[in-house]
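Residues per chain are reported as follows:
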Amino acid sequence: MSGHKLLFDGLKLWTSGRSRWISRLHDGINGRVQACFSSFSPKVCIVGSGPAGFYTAQHLIKARQDVEVDIYERLPVPFGLVRFGVAPDHPEVKNVINTFTQTAKHSRCSFYGNVNVGRDVSVEELQRAYHAVVLSYGAEGNRRMGVPGEDLAGVYSAKDFVGWYNGLPSCRELSPDLSCETAVILGQGNVALDVARILLSPIDILKKTDITQPALEALVDSQVRRVLIVGRRGPIQVACTIKELREMVNLPDTRPEMVAADFEGVTEAVKDLPRPRKRLTELMLKTALEVPGEKEQERRNRASRVWAFRFFRSPVEILANPDNNRTAGIRLAVNRLEGSGEGARAVLTGEVEDVACGLVISSIGYKSLPIDPSVPFDSYKAIVPNSMGRVQQAAGLYCSGWLKTGPTGVIATTMNNSFDTARSLLEDMDSGTLDVSAARPGSQSISGLLEKRGVRPVTFSDWEKIDSVETSRGDATGKPREKLLTVEEMLQLARK
Ligand code: FAD
Ligand code: NAP
């Protein structure tokens, strides 16, 4: 490369993006040298601004001083399930937002909210504009129970119920009827426990959280006094973790109500379990079988609400009331276990049992959905088929997060799998498998397309306007934030 060409490239960078040039100076000596010596930056686009999107972006930006990352998000607000999934009474989990904000504000990262990929812009269009596209759009559907009566009034998916109390605009109208005494939750994962806890928590606790005002008001009037958390297998197979179980055990004004017979053989099996499962099972055994001390007994006697695990039960049918217009109960098949340990299988015994209840919440897992016909999708596993985050048979296309692995794992798990995807992408850049030798227009061409289609993206500083209104509304009522509940209101504020 001649000295003239170098000088010319440097000047081109200076004139074409002064602010980016200036901020590159902060990236350190290496970054400066790299930026001077290349005439353009590899451009990567990420679809989805949940933990997967942000952790993928963070790794790419940190690992190479020249990569530019644009994040496209369907909603006007960022952070995915950290905002719309994580329980309102777990504010410490939401601290990851601070790290994501740092990434979003990096000079080589841009956020484009209010852009629904697959509808407003296709994945093929993104692929033409960028050197690489990473799909990180999560798992926005839910597994269905596939039983008669599933669509009756009074039956909700945990996904919608959680979305409702967390202010997901599409769940605003849910207004679940909480006028019944008994609620049944199907599934024994952490989402099931989140839902049970929110249904049973004292209002004094909830009112200091960022739970939405309509949800808080509905919970003030709630008649739900008993929550059964139903699993198809046994105590050794529950999917929740110990911290969440401990929160249930210690939840003020509630007492556990287990069936001792469900724990037959568990005491003997516990010693052979791996450590985390062992501690979880011991806590369950203690809660179910041990005679509590005097103080705990008093606490339990005073409790006005009850929670319980029911084991070895699968949903068979949601039972309707006499008018056939809402749920009045659930028919459960009684199971036995075949095999042992975490891999044991539930097998029907042929027996069934009816439980009266006015609210059924199905918490048997989330599910990714295809967003664009051009992207390979494994409908059976409900993921984008990939190896180490490289989408199979689709050069330049990657995936991370729940879309890559399926809907399991906490934020830390998602972080690791997103870093892995970023590593695959960087390896491909370095090896030449991913061609970055010619410039790509990136957001310039996508902005043009969106404008033609009447779509106006929300920038990260627009989001910060929404954020500051939400937090100041929260200040007024003693909450960390009062979320805006409609896309229209979010857009209105963003554009002020
Ligand atoms: P998501 O967080 O779902 O992010 C996907 C993003 O993509 C969203 O912002 C979505 O709006 C966007 N998107 C979707 N479609 C499109 C499109 N077509 N175009 C553009 N953007 C799109 N983990 C913990 O560690 N602690 C917890 O307390 C905890 N609580 C949880 C509570 C619930 C109810 C759930 C379901 C999960 C919880 N988790 C928790 C797990 C954690 O939320 C996940 O590990 C993580 O959010 C997965 O990240 P993701 O980015 O793959 O998906
Ligand atoms: P999950 O952990 O996979 O639990 C799903 C539950 O549904 C299991 O009990 C499962 O039982 C049951 N189930 C699945 N299919 C069923 C069917 N057809 N019939 C009856 N039961 C069925 O899923 P999740 O609770 O949605 O949580 C998703 C992820 O987010 C998890 O990794 C979780 O840890 C994480 N999360 C974390 C937190 C937190 O850290 N506080 C909070 C919420 C969520 P089987 O085991 O028998 O399949």
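Everything numeric in this text was worked out from a predicted model, so none of it was measured. Per chain, residues are indexed from 1 in the order of the written sequence. In the order they appear in the text, chains get letters beginning with A and ligands get numbers beginning with 1. Reporting of local features is limited, given that this is a predicted model, to residues whose pLDDT is at least 70; pairs of side-chain atoms are given and counted only at 80 or more, and all residues count toward the totals for whole chains, interfaces and linings. Processing note: side-chain calculations cover all non-hydrogen atoms of the structure and skip hydrogens and water entirely.

Chemist: What is the right way to look at the domain arrangement of the protein in this model?
Modeler: Quoted interface sizes are often the accessible area lost when the parts come together. Domain boundaries shown here were taken from an automatic or database domain assignment. Per the domain assignment, the segments of the protein are domain 1 (43-140 + 368-458) and domain 2 (142-365). For domain 1 and domain 2, the distance between their C-alpha centres works out to 34 Å. Contact criterion: two residues are considered in contact whenever any of their non-hydrogen atoms come within 4.5 Å of each other. Contacts between domain 1 and domain 2 engage 13 residues on the former and 18 residues on the latter. Across the domain 1 to domain 2 interface the summed buried area is about 1200 Å²; carbon plus sulfur atoms make up 54%. Contact with domain 2 buries area across many residues of domain 1, yet Phe84, Pro88 and Asp89 alone supply 46% of it, more than any other trio. A 1.4 Å probe defines the accessible area here, and the buried area is the portion of it lost by two parts on being joined, summed over both.

Chemist: So what exactly am I meant to see when it comes to the sheet that holds strand E11 (residues 313-320) here?
Modeler: Whether parallel or antiparallel, the strands of a sheet pair through hydrogen bonds between backbone atoms. Two strands make a pair as long as DSSP finds a minimum of two bridges between them. Segments assigned H or I by DSSP are reported as helices when at least four residues long, segments assigned E as strands when at least two residues long, and all are numbered from the N terminus. Pairing is antiparallel in the open sheet, where 3 strands are placed in the order E11-E12-E13. Edge positions in the sheet fall to E11 and strand E13 (345-356), since each of these pairs with one other strand and no more. Across this sheet, the average inter-strand angle for adjacent strands is 20°, counted without regard to direction. Inspection of the sheet shows strand E12 (residues 327-338) paired to E13 by 9 bridges, in the antiparallel sense. Residue pairing in the sheet places leucine 337 in a bridge with alanine 346 of E13. Each axis is a line fitted through C-alpha atoms, and for a helix only the stretch in contact is used; angles between axes span 0 to 180 degrees, taken between their N-to-C directions.

Chemist: I tried to follow the packing of helix H4 (residues 51-63) against helix H6 (residues 96-104) on my own but got confused; where do I start?
Modeler: At a closest axis distance of 10 Å, the pairing of H4 and H6 adopts a crossing angle of 50°. By the angle between their directions, the pair H4 and H6 is classed as oblique. For the element pair H4 and H6, the recorded crossing hand is left-handed. Counting all contacts with H4, which are made through Pro51, Phe54, Tyr55, Ala57, Gln58 and Ile61, the residues of H6 involved are Val96, Thr99, Phe100, Thr103 and Ala104. Should an angle lie under 35 degrees it is considered roughly parallel, over 145 roughly antiparallel, and from 65 to 115 roughly perpendicular; all remaining angles are considered oblique. Handedness of each helix crossing follows the sense of rotation of the near helix against the far helix: counterclockwise by less than a right angle gives left-handed, clockwise gives right-handed.

Chemist: I would appreciate a short explanation of the side chain of lysine 159 in the present structure.
Modeler: Structurally, lysine 159 is set in helix H8 (residues 158-166). Burial status follows relative accessibility: with a 1.4 Å probe on protein chains alone, a residue under 20% of its type maximum counts as buried, one over 50% as exposed, and anything between as partly exposed. For lysine 159, a relative accessible area of 19% gives the class buried. Two N or O atoms count as a polar contact when they lie within 3.5 Å, although within protein this holds only if one can serve as hydrogen donor and the other as acceptor, and sequence-adjacent residues are included solely when both atoms are side-chain atoms. Engagement of the side chain of lysine 159 in a polar contact is seen with the backbone oxygen of glutamate 140, the distance being 3.4 Å. There is a polar contact of 3.1 Å between the side chain of lysine 159 and the side chain of aspartate 160. Among all residues touching lysine 159, those that are not within four sequence positions of it are Glu140, Gly141, Asn142 and Tyr366.

Chemist: I tried to follow the packing of aromatic side chains on my own but got confused; where do I start?
Modeler: Each aromatic ring pair is specified by the distance between its two centres and by the angle formed by the two planes. When the centres of two rings from Phe, Tyr and Trp lie within 6.5 Å, Trp using its six-membered ring, the rings pair. Their planes under 30 degrees apart give stacked, over 60 give edge-to-face, and anything left gives tilted. The final tally for this structure, using the stated rule, is 17 aromatic pairs. The interplanar angle of 85° and the centroid separation of 5.8 Å between the aromatic rings of phenylalanine 161 and tyrosine 165 together place this pair among those described as edge-to-face. In this pair, phenylalanine 161 and tyrosine 165 are both assigned in helix H8, 4 residues apart and thus about one turn of the helix distant. For phenylalanine 161, a relative accessible area of 0% gives the class buried. Under the relative-accessibility criterion, tyrosine 165 is labelled buried at 0%. Arranged with centres 5.8 Å apart and planes meeting at 90°, the rings of tryptophan 307 and phenylalanine 309 form a pair that is edge-to-face. Look at tryptophan 307 and you get buried, because its relative accessible area is 0%. What makes phenylalanine 309 buried here is its relative accessible area of 1%. An aromatic cluster is built from Phe54, Tyr55, Phe79, Phe100, Phe111, Phe419, Phe460 and Trp463, whose rings are joined through pairwise contacts.

Chemist: I tried to follow the nonpolar core on my own but got confused; where do I start?
Modeler: Where a protein is soluble and globular, its nonpolar side chains tend to be buried together. Residue types Ala, Val, Leu, Ile, Met, Phe, Trp, Tyr and Cys, when buried and joined through side-chain atoms within 4.5 Å, form a set referred to as a nonpolar core. Core analysis: the biggest nonpolar cluster contains 96 residues, and Val44, Leu199 and Phe309 have the highest contact counts within it. For this core, the leading source of residues is helix H9 (residues 190-200), giving 7 residues. When we break this core down by domain, the ones giving at least three residues each are domain 1 (43-140 + 368-458) and domain 2 (142-365). With residues near it in sequence (within four places) discarded, leucine 199 still touches Phe161, Leu178, Ala183, Ile185, Leu219, Val227, Arg305, Leu359 and Ile361. Grouped together as the second largest cluster of nonpolar side chains are 24 residues, Tyr72, Ala129, Ala394 and Leu397 included.

Chemist: Explain the pattern of salt bridges here, please?
Modeler: Two side chains of opposite charge can pair, provided their charged atoms sit close to one another. Whenever Lys or Arg places a side-chain nitrogen within 4 Å of a carboxyl oxygen from Asp or Glu, that contact is recorded as a salt bridge. One pass over the structure, following the stated rule, counts 39 salt bridges. Measuring nitrogen to oxygen at the nearest pair gives 2.7 Å for the salt bridge that ties aspartate 354 to arginine 331. Of this pair, aspartate 354 sits in strand E13 while arginine 331 sits in strand E12; the two residues are 23 residues apart in sequence, bridging distant segments of the chain. On the basis of relative accessibility, which here comes to 45%, the residue aspartate 354 falls in the partly exposed class. Residue class for arginine 331 comes out partly exposed when judged on its relative accessible area of 27%. The salt bridge partner of arginine 423 is aspartate 420, with a shortest N-O separation of 2.7 Å. Taken together, the residues span about one helical turn, with arginine 423 and aspartate 420 both in helix H17 (residues 411-431) at a distance of 3 residues. Taking relative accessible area as the criterion, aspartate 420 reaches 29% and is therefore assigned partly exposed. Shared partners join several salt bridges into a network, and the residues in it are Arg83, Asp467, Glu470 and Arg481.

Chemist: Would you explain helix H11 (residues 213-220) in this entry?
Modeler: In an α-helix, one turn spans 3.6 residues; hence positions three or four apart end up facing the same way. Within H11, the full set of buried residues consists of Ala215, Leu216 and Leu219. Down the axis of H11, the buried side of the element spans an arc of 100°, and every buried residue falls inside it. Residues of H11 that are buried make contact with H8, H9 and helix H10 (203-206). Each direction from the helix axis to a C-beta atom contributes to the arc, which is the arc of those directions.

Chemist: Would you mind going over the environment of arginine 143 with me for this structure?
Modeler: For arginine 143, the location among the structural elements is in the loop between strand E5 (141-142) and strand E6 (155-157). A sequence separation of 220 residues divides arginine 143 from serine 363, and the C-alpha atoms of the two residues are 8.4 Å apart. Residues contacting arginine 143, with those up to four places away along its chain left out, are Ser362, Ile364, Gly365, Tyr366, Lys367 and Pro407.

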